[in-house]
Amino acid sequence: MTPARPAGRGSSADDPGSAPPDDLRLTDEERRRLLGALASVFNDQDSANLVLRHAGFPRERRPPWTTPIQYWTAITEELDNGIIREPYRRLLREALRVYPTNPVFHPLFRSGRESGNPDRPRVLPAPPPPPPNPPPPSKVPPGRPRATAAELRGRLRAYRVKASRLGLAEDAALLALYSAADAVLTTRPLDPRRAEEAIHAYEKAVHARGEAASGPGREARR
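Residues numbered from 1 in each chain as written. Predicted model: local features only at pLDDT ≥ 70, side-chain atom pairs only at ≥ 80, totals over all residues. Heavy atoms only, no water.

Visitor: Kindly report on the overall build of the protein, identifying the contributing residues and their values.
Guide: Looking only at helices and strands, the protein features eight helices and three strands. Ordered by position from N to C terminus, the α and β elements of the protein give β-β-α-α-α-α-α-β-α-α-α. Looking at the protein as a whole, 36% of its 222 residues are labelled buried. Taking the contacts inside the protein whose residues are at least 6 apart along the sequence as the reference set, 67% of them involve residues at least 24 apart. Accessible surface for the protein amounts to roughly 12800 Å². Of this, 55% is attributable to carbon and sulfur atoms. (Helix = DSSP H or I, 4+ residues; strand = E, 2+ residues; numbered from the N terminus. Buried < 20%, exposed > 50% of the residue type's maximum accessible area, 1.4 Å probe, protein only. Contact = heavy atoms within 4.5 Å. Areas by Shrake-Rupley, 256 points an atom, 1.4 Å probe, with all protein chains shown as cover.)

Visitor: Help me get a handle on the environment of A181, residues and values and all.
Guide: Inspection of the secondary structure puts A181 in helix α7 (residues 172-186). Residues A181 and I199, 18 residues apart in the sequence, show an inter-C-alpha distance of 5.6 Å. Apart from the residues lying within four places of it in its own chain, the contact partners of A181 are L156, A198 and I199.

Visitor: I'd like a rundown of the nonpolar core, residues and numbers included.
Guide: L34, F42, L52, W72, L79 and F105 are the most contacted members of the largest nonpolar core, which has 31 residues in total. Contributions of two or more residues to this core are made by β2 (24-26), α1 (28-41), α2 (45-55), α3 (68-80), α4 (87-98) and α5 (105-111). Not counting residues within four places of it along the chain, the set of residues in contact with W72 comprises L35, L38, A39, F42, A48, V51, L52 and L91. Among the nonpolar cores identified, the runner-up in size contains 15 residues, and L174, V184, I199 and A205 belong to it. (Core = buried A, V, L, I, M, F, W, Y, C linked by side-chain atoms within 4.5 Å.)

Visitor: Hey, could you go over the packing of aromatic side chains for me, with residue numbers and the actual values?
Guide: The final tally for this structure, using the stated rule, is six aromatic pairs. A centroid spacing of 6.3 Å and a plane angle of 50° characterise the contact between F42 and W72, whose relative ring orientation is tilted. You can see F42 sitting in the loop between α1 and α2 and its partner W72 sitting in helix α3, a full 30 residues away along the chain. Assigned by exposure class, F42 and W72 land together as buried. An aromatic cluster of three or more residues is present, and its members are F42, W65, Y71, W72, Y99 and F105. When the ring centre of F109 is taken as origin, the NZ or CZ atom of R89, which lies over that ring, is 5.8 Å away. (Phe/Tyr/Trp six-rings, centres within 6.5 Å; stacked < 30°, edge-to-face > 60°. Lys NZ or Arg CZ within 6 Å of the ring centre and 35° of its normal.)

Visitor: For the pattern of salt bridges, give the residues involved together with the corresponding values.
Guide: Side-chain pairs of opposite charge can arise where the charged atoms are in close proximity. Applying the stated rule across the entire model yields nine salt bridges. Salt-bridge contacts for R193 lead to E197; the nearest nitrogen and oxygen are separated by 2.9 Å. Note that R193 and E197 are positioned in helix α8 (residues 192-221) at a spacing of four residues, about one turn of the helix. A residue is classified by how much of its surface remains accessible, and E197, at 46% relative accessible area, is partly exposed. Each of D44, D46 and R160 takes part in a single network of salt bridges with overlapping partners. (Salt bridge = Lys/Arg side-chain N within 4 Å of Asp/Glu carboxyl O.)

Visitor: Quick one: what's the story with the packing of helix α6 (residues 149-165) against α7, residue by residue and with numbers?
Guide: Running from N to C, α6 and α7 cross one another at 165°; their axes reach a closest spacing of 11 Å. Judged by the angle between their axes, α6 and α7 are roughly antiparallel. Considering how the two elements wind past one another, α6 and α7 form a crossing that is left-handed. Along the contact surface, α6 presents A149, L152, R153, L156, R157, R160 and A163, while α7 presents L174, Y178, A181, D182, L185 and T186. (Axes fitted to C-alpha atoms, helices over the stretch in contact; angles between N-to-C directions. Parallel < 35°, antiparallel > 145°, perpendicular 65-115°, else oblique. Left-handed = near helix turned anticlockwise from the far one by under 90°.)

Visitor: Which residues make up α6, and what are the values?
Guide: Counted at 1.5 Å a residue, the expected span for α6 with its 17 residues is 24 Å, and the 25 Å between its end C-alpha atoms agrees. Inspection of α6 places L152, L156 and A163 among the buried residues, and these make up the whole buried set. Seen end-on, α6 carries its buried residues on one side only, within an arc spanning 35°. Residues A150 and R165 are exposed on α6 and point more than 90 degrees away from its buried face. Among the residues trailing α6, G167 stands out with phi positive, at a value near 80°. (Expected span 1.5 Å × (residues − 1). Arc of directions from axis to C-beta.)

Visitor: Account for unusual backbone geometry, naming residues and giving values.
Guide: One non-glycine residue, E86, lies in the positive phi region at around 45°. Among the structural elements, E86 can be located in the loop between α3 and α4.

Taken by themselves, the reported measurements are silent on function.
Structure representation (structure tokens):
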């Protein structure tokens, strides 16, 4: 097993006499799977910054955005160098807040072993309970074709551009809704009903945030 943070390369907070960091220990294969999953689901700068900000990763140490895999490779190198305490535990915990049933994040967090005390109990995120009944089939009005995946993704991207124009690119609630909708769109097979619901929730939130942000300005111009 290769420790997620190599010995002797920790941050200044980790002095030689302190206890070892309470972090996950991942194999090389687990690390490769984690890197691929991060690049796949947090595949744009806004969603990546959301999870990094909540994990405590310093903004000034984040690399320029290039491609998702290059960006996350640079981020994991900083995590290995001990830029924050418990780097992989904190990163996975925040990733699970957005994708609680991700097939890579959840098993890694659950099976990861603590480097300082392997016998210490871990508090794990509980998977969401299954729905008591299957959701009802989507009712599409007669003669109205169901939106394609490309059309749904176009709607989502258009409202993301609108949010940026409104100065809401860093709004945590909007980023979480955007990431949730994007996750539905990248799940195969695609569930159009769920995708439309997730996108509609994001659209409503963008409208609400936009109206709240512009309200004082409208009053001042009267």
